[in-house]
Amino acid sequence: MDFPIISSLIILPTIGALFILFTKSSNSKYQSSKYVALFISLANFILSIYLWLIFDKSSINFQFVENREWLSGFINYKVGVDGISILFILLTTFIIPICIISVISTIEHRLKDFLIAILIMETLMIGVFCSLDLIIFYLFFEGGLIPMFLIIGIWGGERRVYSAFKFFLYTLLGSVLMLIAIISIYWISGTTDVEKLYEIGIGEQYQKLLWLAFFSSFAVKTPMWPVHTWLPDAHVEAPTAGSVLLAAILLKMAGYGFIRFSVGLFPIASEYFVPLVFALSLIAIIYTSLVALMQEDMKKLIAYSSVAHMGFVTLGIFTMTQQGIEGSIFQMISHGLVSAALFLSVGVVYDRNHTRLIKKYGGLVTVMPKYGIVFMIFALGSLGLPGTSGFIGEFLILMGTFKKSFLVATIASLGVILGAAYILWMYKRVVFGEIIHEEIKSMKDLKKFELLILILLAVPIIFFGFYPEPLINSIETSVTSLIDNYNTNLTQSIAKK
Amino acid sequence: MENLEIILPEIFLSLTIMFLLLFGVFKNNSSKLIYNLTTLSLIILFALLLNLYQVSDLSIFNNSYKVDSLATFMKLLTIGSGIFVMLTSSKYIEINNINKMEYPILILSSILGMMVMISSNDLIVFYMGLELQSLALYVLASFNRENLLSTESGLKYFVLSALSSGLLLYGCSLIYGFSGSTNFNIILENSSSGQYGITFGIVFILVGLAFKISAVPFHMWAPDVYQGSPTSVTTFFAVLPKIAALSVFIRFLYVPFAEMNDQWQMIIIFLSIASMIFGAVAAIGQKNLKRLIAYSSIGHMGYALTGLAAGTNQGIQGSISYIAIYLVMNLAFFSCMFMLRRNNEYYESIEDLSGLSKNHPLLSFSLLIILFSLAGIPPLAGFFAKFYVFMAVIEQKMYFLAIVGLLSTVIAAFYYLRIIKIIYFDKEKEKFETDHHFGLKLTLALSTIFILAYFIYPSGLTEIVSKINII
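Residues numbered from 1 in each chain as written. Chains lettered and ligands numbered in written order. Predicted model: local features only at pLDDT ≥ 70, side-chain atom pairs only at ≥ 80, totals over all residues.

**Q** Looking at this model, I keep getting lost on the overall build of chain A. Mind explaining?
**A** Counting secondary structure elements, chain A contains 21 helices and two strands. Whereas a compact globule of 497 residues would reach a radius of gyration of roughly 23 Å, chain A reaches 22 Å, a difference of no more than 12%. Expressed as lengths along the three principal axes of its C-alpha atoms, the size of chain A is roughly 75 × 55 × 40 Å. Put simply, chain A has 497 residues, and 59% of those count as buried. Of all intrachain contacts in chain A linking residues separated by at least 6 positions in sequence, the fraction that spans at least 24 positions is 79%. (Helix = DSSP H or I, 4+ residues; strand = E, 2+ residues; numbered from the N terminus. Rg over C-alpha atoms; globule rule 2.2 N^0.38 Å. Buried ≥ 20, exposed ≤ 12 C-beta atoms within 10 Å, placed from the backbone. Contact = placed C-beta atoms within 7 Å.)

In C-alpha cells:
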C-alpha cells in the first residue's frame, strides 16, 4: 500500500480546521489562524498538483484507489481518481486558497469560524469528487450542507435566514430521494461500489426510477430550471467567499454527479430521458438569460448567468458525444474560475460602496482603471470570447449538440448571444459612462491582495483559452471509456429486444 | 434449584433499593449520599451486566424470564443512560430543591421495572415490570410538588397511563383466554392467525405499548409531561422507558406472533408513519425546548418503529441501533439544557438560546452537532440511525414507508434549523453561568464526540447489534 495521497487530500483541511478550533484566539486578530488556514490550503493545492503530475493520463482505470473496510460487511471506504475527478479536485484546491485570501482580508466578524467552515467544506468537496462508493459519496455530498448553511446564515446579508433555509431545505429534499435510490441499488446489485457497479450494471427495469431519484438531487444542486430559485437567493445573501464556493465548486458537484452516476450507472435511462434534460437545459439557457438581462443586482445577474451556464453543461453531458461531455467538463472548470472571479469582482466594489445595485455605479473606469481591465477579462470569459476558457467549453458543447440535434443546438446558440448581451450590458453600465454618483469619485482602485487573487484567476482563464490541451488531455481517456461503456450498454439492450 | 446467577444484576438492584430505603429512613440529611450511592450502584450494575454478556440465551423461572443478547444489550443501554442521567442532573435537583432521598430510589425502582420488562418472556412478568416502572415514573413526574405544572403532569400521566395499562391488561387476558398460556413460547405454539381473540389481544397490547413510547395517536401525554416534569426527570423520560418499551415491542411481536406478522404489520406501519409526520409537523410551532423535544421524540419513535415494521432481523437491528444512537443524542441535548443556568434558574425557552454562539462557542458548537444529528444530516450519528432503519425497510421493498419517512426528515429539519438559526444568527442575550460540574461536562463531551466521530468507525455498534438475532 502506497502513501494514501487521496485520503491525505481529504483529511488535511480538517486537521487544519481542528488546529484553528483549538488554538486560543488572542487579541492579535487571529493572525495564527489566518496563516494556518492559508498554509493548509496551499499545501493541499500543491499536493493535488503533485497528484495530477504523477497521474497516468492514458489509463482508463481509477487510480490511487484506497479501499478500506468501513461499515463491516457491506460498505467500504473507497476513494480514487480518474481523469475527470482529478480536474475537479484541482479546481477545488485552487479556489479554496483564493477564498481564504479574500476572507482574511475582508471579514472581521467571527473570522475564525469562517476559516473553519471553509476548510471543512474543502474536505467534503474533495471527498465528493473522489469517492467511489455511493454511500461515501452521499455522506460527503450531504455533509456540505452544514458548513454552507452556516456560511450563508452567519455572514450573509439582510435576508440571510430566508436564503439559508431555502438552500438547505431545497437541497435536502432533493437528496433524500437519492438516498432511497442508493439503498435500493444496494439491495438490487448487492454493492454500492461504483467500480463494481460499472462492471455488473443495473437491471434495465429499475433504471428509470433510480435515474429520476438521482436526477431530483442533482437537478436541485445544478440547479436546473424550475428548481433553480434557491440559487439567486443564496448567492445574493451569501458573503463573497460563500458565493465563490457555491458557484465555483458546489454547483459542479451536481454536474460531476450527472457524469459519474446518472450517465455511468444508468445508461439506458439516460438515453430515455435525453429529451427531458434537453428541454430543461434549453429553458434554463434561454429563460434565465432573459431573466439575467433584467436584473438590477449584480450578484443576482451573475447567479442567473450561472444557471444558464450550467444549462449548457447539462446539455453537453446528455449529448453523449465525446465533444459534448469534454466540453461540459471544460465548461464546468471554466465557469468555476470565471464565476468565482466575477463574484470576487463584485465583492471588490461592494466592499467600497456597500451596494450591489447596477444603477448605483457607472464610470468606474475613470477612478478604478485596473479594476476595469480585470473585470473586462472576466466578463469576456463569461460570454465565451475566443481566447478565454469559456469559449472552448461552449464551442465543444455546441459541437456535440449539433451532432445530436440541429434544432437544439441552434436554440442553445441563441443563449450564447443572450449571454454576451447581459454581461456586456452590465459591464457597460457599471464601468463605462459618466460618473453620476458622488460616492464613486472617492473609490480607490484595487488593493494589492485584490489584484493578486484576480490575476491568479485571470491567468488560467486566458491560458486554457489558448491552450486547452492539458485539461482535455487529462479527461480524454476517461470520457472515451465512459461513452464506450454507454454505447455497449445501449446496443446490448437493443439486441435483447 | 434454578440457576439464579443469571439474574444477579436484578437481585443486586433489588437489595440496593431496599438497603438505600432503610438507610434513608434512619439517617437524616442523607439525600446527597444516597444520590451518590445510587450512581455508584448503577455503575456496579453496569459492570455486572458486562460480565454477564458472554452468557447467551438463558432462561429461568419456567422460561418466563429470558437473558439473551437482546436483553443484555438493552439493559446495558438502559443502565448506561441511567448513569449519565444521574451524572448530569445532580446540580439541577439541588437547585430546584427536589433532592429528597426518595428521588434516586424511585429512579432505581423504575430501572428495576425496566430490566424486568426487557427480560420478560411472559405476559404476567412483563406486566409486573411495566407497572413497577410506571408507578415510579408517576411519582417522579410530579416530584416538584410546589410547581403546578409538575403536579399536573404527574396526574395527567397517571390517569392516561392507567387507562393504557388497563387496555394492555385486557389484551393480555384475551390472549391468555385464546391461547391458554401467558408464556410467549407457548402462545406461539397455540395460536394461529384465524383466531380473532388473539388479534384483538395483540391490538390492545400494542395500544398499551404505543402509549409507553408515545407513538401517535397515543402521544397526547408526552408534550405536557415533558414540559411539566422537572428537567432531570424529563431526561429520564425521554430515554429510558423508550428503550424498555421498544425491547418489549420486539420480543412481543417477534416471539409469540412472528408468524402472524400480516396481522400486526399494518398497525406498526400506521403508528410509525403517523408518528413521523406528526412529530415533524407539530414541533414546528413550539416555543419551549422541552416541549419541542417531546414532539421530536414522538417523531424519532416513529423511525424506530419503522425498523420493526420490516419484519426482519435486519429491521430489528436497525431499530436497536436507532434507539442506541437516539439516546446518546437526547442525553447530549439535555446536558446542553442543564447548562442554560443563570442565577440559580434554568431556562428552557427556545428564545433563551438567542445568540448563544457569541458567548458560549463550545456549547453552541455541541448544540449545532446535536441538532444536525437529530435532523439526520450526514456524516453525523443521527444519519446512520436513519440509514440502518431504511436499509431494512427498503430491503423489504416498502418504498412508501421509506419515502414518507425521509420526506418527514426534511420537514423535521426545519425546526432543528430554526433552533440553530436562533443560536447562531440572532442577537446575543445575557451570558449564562459557566461553572458546571464535572459529570455534566463529561456527559456532554462524550456524547458530542460520539455523535461527531461516529462515522469514523461505524462498525463498532453494528457488530454488537448484529449478534442480536430474534427470528
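The rest of the description comes next.
**Q** I would appreciate a short explanation of the interface of chain A and chain B in the present structure.
**A** It is common to report an interface's size as the accessible area lost on association of the parts. Listed by partner, the interface residues are 25 residues for chain A and 25 residues for chain B. Secondary-structure elements contributing two or more residues to the side of chain A that touches chain B are β1 (63–71), α5 (134–143), α6 (145–155) and α7 (160–189) of chain A. Considering every element that reaches the side of chain A that touches chain B, the biggest residue donor is α7(A), with 13 residues. In terms of residue class, the side of chain A that touches chain B is built from 19 nonpolar, four polar and two charged. (Nonpolar A, V, L, I, M, F, W, Y, C, P; charged D, E, K, R; others polar.)

**Q** Even after reading the chapter, I still don't get the pairing of strand β2 (residues 75–81) of chain A, so can you show me in this structure?
**A** Consecutive residues of a regular strand have side chains that alternate between opposite faces of the sheet. Residue and element names in this part refer to chain A. In terms of residue burial, β2 counts as a mostly covered element, since five of its seven residues are buried. Two elements, β1 and β2, share six bridges in a ladder whose sense is antiparallel. Bridge pairing in β2 links Leu 71 to Ile 75. In sequence, β1 turns back onto β2 through a hairpin of three residues, with Gly 73 there showing a positive phi of about 95 degrees. (Pairing = 2+ DSSP bridges.)

**Q** What's the story with the packing of α5(A) against α7(A) in this structure? I'm lost.
**A** Packed helix pairs are specified by the crossing angle of their axes together with the interaxial distance, meaning the distance between the axes. All names here are of chain A. Close contact between α5 and α7 brings their axes to 10 Å; oriented N to C, the two are set at 165 degrees. Of the possible angle classes, the one that applies to α5 and α7 is roughly antiparallel. Crossing hand, α5 versus α7: left-handed. Seen from α5, the contacting residues are Leu 134, Ile 135, Tyr 138, Phe 141 and Glu 142; seen from α7, they are Ser 175, Met 178, Leu 179, Ile 182 and Ile 185. (Axes fitted to C-alpha atoms, helices over the stretch in contact; angles between N-to-C directions. Parallel < 35°, antiparallel > 145°, perpendicular 65-115°, else oblique. Left-handed = near helix turned anticlockwise from the far one by under 90°.)

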